[in-house]
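Architecture and fold: a report
Take a look at the letters that make up each chain.
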2 protein chains.
Amino acid sequence: MADPESDRPLVRAGPISAWAVEGLPEVAAGEDLGRLALEPLGRRGLLAGDVVVVTHKVVSKAEGRVFPLSAFEPRPAAMTLAAALGQEPEMVEAVLRESRRVVRAESGVLITETWHGLVCANAGVDRSNVGGGETITCLPVDPDRSAMRLRSQWLAMAGGGPLAVLISDTFGRPFREGAVNVAIGVAGMPALSDHRGLRDGQGYELHASTIGSADEIASLGELLMGKLDGLPLAVVRGLTWSGPEGGSAPLLRDPERDIFRR
Amino acid sequence: MADPESDRPLVRAGPISAWAVEGLPEVAAGEDLGRLALEPLGRRGLLAGDVVVVTHKVVSKAEGRVFPLSAFEPRPAAMTLAAALGQEPEMVEAVLRESRRVVRAESGVLITETWHGLVCANAGVDRSNVGGGETITCLPVDPDRSAMRLRSQWLAMAGGGPLAVLISDTFGRPFREGAVNVAIGVAGMPALSDHRGLRDGQGYELHASTIGSADEIASLGELLMGKLDGLPLAVVRGLTWSGPEGGSAPLLRDPERDIFRR
């Protein structure tokens, strides 16, 4: 008989050790990130049960998602919105092309729902000025697939697994100051832990019964990688998980069930 | 001359090790949590630079913030809201007493701004059924002060510090499924890291320039403590920080600047 508990996704931690991976060379468009990372990852190696957190920016670069800002010829909708927000029309055009819906556009802030279903500022588009030209970096087209591909390249190093790979980005949040890292791509582990209906040791019912475990692991990745050191990879050791995997989709709230998107 | 950078709060991580603390006895109202935790914390000890994450529930219990549900005689506003939401009037009364403002009340969900300025479901009030009677657990009255008091009790074990203590709770989030732990009380470290105006190793401007570091550490605490094991303490080793401390207040977005509270 099937164990109904086996369908419950759960992520647990024993004692954890975690570190940023040093020594990844500069990654250019079209380069094989998974292969480039083998040597740096191999310095400490991977074990079964490890989770590798990868910042989306290095994935986006490898996948050729960096574009000159001037490539985004603003259409009328972007012109209007840019004027209202006090932003550059080309940047707003890029954000709108990455989005299926504007969630908020006010006080200079443009929050959209991306084609992936992510809700974040500027559709995750980062603007930068590298080598004199304005460029933008867009999110990977399919971060779950990016994570799956990296996982398959690193699996042998982890003795065949279990091994999980998370692609992270840094998102602001309603109500709270300070952005935190979340998981926009998930491979090899469940994204959520489902504690619904369970009770803790003292018989308390668990009021927050679904936990965004992959987001919490991505946040640990942010602490390790920082923002200044340019370290796009971190390894977290000591987690265990069970239950079905399903990419990052379980972390996306159905817009129809979201009281903040109505 | 003063270094202007010294005013910048920054939290960094080297390699991290982290674990849940086992062996804390059941804590009853009025008991000295800080003293009760000395022996369990002492098994592995504390070092300068450690961060201790404490779930709010054990703090609330020690501080006598557990009440019988029947103590909350519903007033008319609670009766009306409870009927609209399909919730129990006593529970809604308790939530309203803990709140200065209702942020959303729809689809069975009651999100308020607490007297602390936290925005969360049910003002952080947890309901439970222990020993046959319905009880509720409210957030600590002043979680920063609770964190400070615990820190002062544990400081000697950490050789006089630096030592930080975070009080955590599990909050749901707009747009994303899965709750995550955040820091509702902070002592001994800055709550945010401020990277504004800085550039990363590749010259990219940092688009998410203020990071909710204490929330990210609290999220790591959740992974370690889980929801089922009843382990209310975790230690994170390997962080460093600089800049001014200021409790948890820097994590609270000013309602006037919050486009999701208008």
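Residues numbered from 1 in each chain as written. Chains lettered and ligands numbered in written order. Predicted model: local features only at pLDDT ≥ 70, side-chain atom pairs only at ≥ 80, totals over all residues.

What follows concerns helix 5 (residues 89-97) of chain B. The element helix 5 of chain B is extensively covered by neighbouring structure, given that 7 of its 9 residues are classed as buried. Listed as buried for helix 5 of chain B are Glu-90, Met-91, Val-92, Glu-93, Ala-94, Val-95 and Leu-96 of chain B. (Buried ≥ 20, exposed ≤ 12 C-beta atoms within 10 Å, placed from the backbone. Helix = DSSP H or I, 4+ residues; strand = E, 2+ residues; numbered from the N terminus.)

Another aspect to go through is the environment of Ala-62 of chain B. Residues and elements named next belong to chain B. Its place among the elements puts Ala-62 in helix 3 (residues 56-62). Owing to 22 C-beta atoms within 10 Å, Ala-62 belongs among the buried residues under this scheme. For the pair Ala-62 and Thr-80, spaced 18 residues apart in the sequence, the C-alpha separation amounts to 33 Å. Ignoring any residue separated from it by four or fewer positions in sequence, one finds Ala-62 in contact with Val-27, Glu-31 and Leu-33. (Contact = placed C-beta atoms within 7 Å.)

The next point concerns the sheet that holds strand 9 (residues 163-171) of chain A. Taken in spatial order, the 10 strands line up as 10(A)-9(A)-2(A)-13(A)-1(A)-1(B)-13(B)-2(B)-9(B)-10(B) in an open sheet, and their pairing is mixed. This sheet does not close on itself; its edge strands, each paired only once, are strand 10 (180-187) of chain A together with strand 10 (180-187) of chain B. Within the sheet, the average angular offset between the axes of one strand and its neighbour, ignoring direction, is 35 degrees. In this sheet, strand 9 (residues 163-171) of chain B lies alongside strand 2 (residues 50-55) of chain B in parallel orientation, the contact comprising 6 bridges. Note that in strand 9 of chain B the partner of Val-53 of chain B across the bridge is Leu-166 of chain B. (Pairing = 2+ DSSP bridges. Axes fitted to C-alpha atoms, helices over the stretch in contact; angles between N-to-C directions.)

Here the focus is the nonpolar core. The biggest cluster of nonpolar side chains holds 152 residues, and the ones touching the most others in it are Leu-166, Ala-183 and Ala-234 of chain A together with Leu-166, Ala-183 and Ala-234 of chain B. Sequence-distant contacts of Ala-234 of chain A, that is, excluding residues within four places in its chain, are made with Ala-18, Trp-19, Ala-20, Val-21, Val-53, Gly-221, Leu-224 and Met-225 of chain A. (Core = buried A, V, L, I, M, F, W, Y, C linked by C-beta atoms within 7 Å.)

Moving on: the domain arrangement of chain A. Residues and elements named next belong to chain A. Domains assigned within chain A are domain 1 (4-64 + 140-250) and domain 2 (66-137). Measuring from the centre of the C-alpha atoms in domain 1 to the corresponding centre in domain 2 gives 27 Å. Between domain 1 and domain 2, the residue contacts involve 10 residues of the former and 8 residues of the latter. Among the secondary structure elements, those contributing two or more residues to the side of domain 1 that touches domain 2 are helix 3 (56-62) and strand 9. Ranked by residue count, the leading element in the side of domain 1 that touches domain 2 is helix 3, at 3 residues. Looking at the side of domain 1 that touches domain 2, its residues break down into 4 nonpolar, 3 polar and 3 charged. (Domains from an automatic or database assignment. Nonpolar A, V, L, I, M, F, W, Y, C, P; charged D, E, K, R; others polar.)

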